[in-house]
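# Residue-level structural notes
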Amino acid sequence: MRIAVMGTGPVGQALAGKLAELSHEVTVGTRDPEETLARTEPDYMGNPPFKAWLEAHPGVGLGRPAMAAADGELIVNATNGAGSIAMLEAAGEENLAGKVLVDVANPLDYSQGMPPSLFVSNTDSLGEQIQRAFPEAKVVKALNTMNCEVMVDPAKVPGEHDVFLCGEDTDAKREVAELLRRFGWPDGRIRDLGGISSARGLEMYVAFWLRLWGTLGTGYFNIAVVQAPPSS
Ligand SMILES: NC(=O)c1ccc[n+]([C@@H]2O[C@H](COP(=O)([O-])OP(=O)(O)OC[C@H]3O[C@@H](n4cnc5c(N)ncnc54)[C@H](OP(=O)(O)O)[C@@H]3O)[C@@H](O)[C@H]2O)c1
């Protein structure tokens, strides 16, 4: 499948790399490809500049948002939450219409320092904002509740643990669940939380995730839902 991954940060790299490894044709979308390739500084996580990543993934393309999205049969939003709508607008509503749009972004607001707060929460979410802004796209919120290395390699955390998704379109969620299975997520651990408004809970959890990260000193952890057996 041709997949456009909007985002050149650690999440875009992790997802684009894994999808390419799974034999998908991947194009990464970025606002200004020349500027992105000219970066020489490590990213905020200390990873080498994007150009080095791209050179290590010769099968992956790079293009402006509209070019990447026009070609993609499925779109991934792995952009900074504050810039997600702008990036998707640059991708072009017509290039998103009718397509599955996997949204992994979090609405983080760093304006008051660390840890960040959320610029939308409680009665709305970034996932819903994106769905409202692009009503013809089939938005599926997924994977935003964990570190990007865990997203594409659940074995980074021992034992079975959970990945969540939500969205309005059942077939779109089925398609995303299939991708998650190919990433290594076991069937019973892919939990469908219903409609896109469940993105509120998935995004607000990130406030807790950030505190756990601070306490544990590692991003290699995840939610494992433990359930009592159904009473007979
Ligand atoms: N890091 C994680 O492990 C993790 C885990 C779960 C969810 N997330 C979420 O995943 C998303 C991506 O995170 P990240 O860590 O890879 O890096 P990031 O720095 O949050 O995002 C980088 C991407 O955002 C784009 N961007 C930044 N400002 C923009 C603006 N004003 N308008 C349009 N686009 C803009 C950049 O575009 P250019 O390429 O054009 O520069 C770049 O592609 C975020 O929403 C984050 O909260 C991250």
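Scroll up to find the structure this text is about.
All of the points below concern the structure found in this document. Everything numeric in this text was worked out from a predicted model, so none of it was measured.

## Details of the overall build of the chain
Summing up its helical and strand segments, the chain has 10 helices and 10 strands in all. Scaling as 2.2 N^0.38, a compact globule of 232 residues should have a C-alpha radius of gyration of about 17 Å, and the chain matches this with 17 Å. Counting only C-alpha atoms, the chain reaches 60 × 40 × 35 Å along its principal axes. The buried share of the chain, reckoned over its 232 residues, is 49%. Restricting the contact set of the chain to residue pairs at least 6 apart, pairs at least 24 apart contribute 72%. When the accessible surface of the chain is totalled, it reaches about 11100 Å², and 52% of it is carbon and sulfur. Side chains of the chain carry 19 positive and 30 negative charges; the gap between the two charge centres is 3 Å.

## Quick word on empty space enclosed by the protein
Here the structure, examined in full by the defined rule, presents one cavity of 30 Å³ or more. Reported here for the largest cavity is a volume of approximately 80 Å³. Around the largest cavity, the lining residues are L15, L19, V76, V102, V104, L143, V176, L179, L180 and F183. At the level of elements, α1 (10-21) and α9 (170-183) are the ones that each hand at least two residues to the lining of the largest cavity. No other element matches α9, which puts four residues into the lining of the largest cavity.

## Regarding the nonpolar core
Core analysis: the largest hydrophobic core is formed by 38 residues, its most contacted members being V76, L143, L180, F183 and W185. Examining the composition of this core, we find that six residues originate from one element, α9, more than from any other. In contact with F183, not counting residues within four places along its chain, are L15, K18, L19, L22, L143, M151, V152, D153 and P154. The next biggest cluster of nonpolar side chains, apart from the first, holds 22 residues, and it includes A91, V120, F134 and A199.

## Concerning the pattern of salt bridges
Taken as a whole and assessed by the stated rule, the structure comprises 16 salt bridges. Among the ionic pairs, R2 bridges to D71, the shortest N-O distance being 3.5 Å. Within this pair, whereas R2 is found in strand β1 (residues 2-6), its partner D71 is found in helix α4 (residues 65-71), the two being separated by 69 residues in sequence. D162 serves as the salt-bridge partner of R189, at 2.8 Å between the closest nitrogen and oxygen. Here D162 lies in the loop between α8 (148-152) and β9 (163-167) and R189 lies in the loop between α9 and β10 (190-192), a separation of 27 residues in the sequence. Judged by its relative accessible area of 14%, R189 falls in the buried class. Classification of D162 by relative accessible area gives buried; the value is 0%. Here the residues in one salt-bridge network are E160, D162, R189 and R191, joined through shared partners.

## Considerations on the site of the ligand
With respect to spatial proximity, 24 residues lie near the ligand, and among them T8, T30, R39, Y44 and T79 are the closest. Contact distances for the ligand include 3.2 Å between an oxygen atom and a backbone N or O atom of P10. One of the backbone nitrogen or oxygen atoms of N80 is found 2.9 Å away from an oxygen atom of the ligand. Contact with the protein chains removes 82% of the 890 Å² of surface that the ligand exposes when unbound. Cavity membership is defined here by more than half of the atoms lying within 2 Å of grid points; on that basis the ligand lies in the largest pocket. Those elements that provide at least two residues to the shell around the ligand are α1 and α8. In terms of residue class, the shell around the ligand is made up of 11 nonpolar, 11 polar and two charged.

## Focus on the packing of α1 against α9
Close contact between α1 and α9 brings their axes to 11 Å; oriented N to C, the two are set at 85 degrees. Taken together, the axis directions place α1 and α9 in an arrangement best described as roughly perpendicular. The residues of α9 that touch α1, namely those facing L15, K18 and L19, are L179, R182 and F183. Considering only residue class, the contact of α1 with α9 consists of four nonpolar, no polar and two charged.

About the thresholds
Residues numbered from 1 in each chain as written. Predicted model: local features only at pLDDT ≥ 70, side-chain atom pairs only at ≥ 80, totals over all residues. Heavy atoms only, no water. Helix = DSSP H or I, 4+ residues; strand = E, 2+ residues; numbered from the N terminus. Rg over C-alpha atoms; globule rule 2.2 N^0.38 Å. Buried < 20%, exposed > 50% of the residue type's maximum accessible area, 1.4 Å probe, protein only. Contact = heavy atoms within 4.5 Å. Areas by Shrake-Rupley, 256 points an atom, 1.4 Å probe, with all protein chains shown as cover. Lys, Arg positive; Asp, Glu negative; His and termini not counted. Charge placed at Lys NZ, Arg CZ, Asp CG, Glu CD. 1 Å grid on protein atoms, 1.4 Å probe; cavity = no way out; pocket = protein on both sides within 12 Å on 5 of 7 lines; lining within 4 Å. Points joined across faces, edges and corners; volume = space filled by probe spheres on them. Core = buried A, V, L, I, M, F, W, Y, C linked by side-chain atoms within 4.5 Å. Salt bridge = Lys/Arg side-chain N within 4 Å of Asp/Glu carboxyl O. Near = heavy atom within 4 Å. Polar contact = N/O pair within 3.5 Å; in protein donor to acceptor, adjacent residues only side chain to side chain. Sits in = over half its atoms within 2 Å of the grid points. Nonpolar A, V, L, I, M, F, W, Y, C, P; charged D, E, K, R; others polar. Axes fitted to C-alpha atoms, helices over the stretch in contact; angles between N-to-C directions. Parallel < 35°, antiparallel > 145°, perpendicular 65-115°, else oblique.

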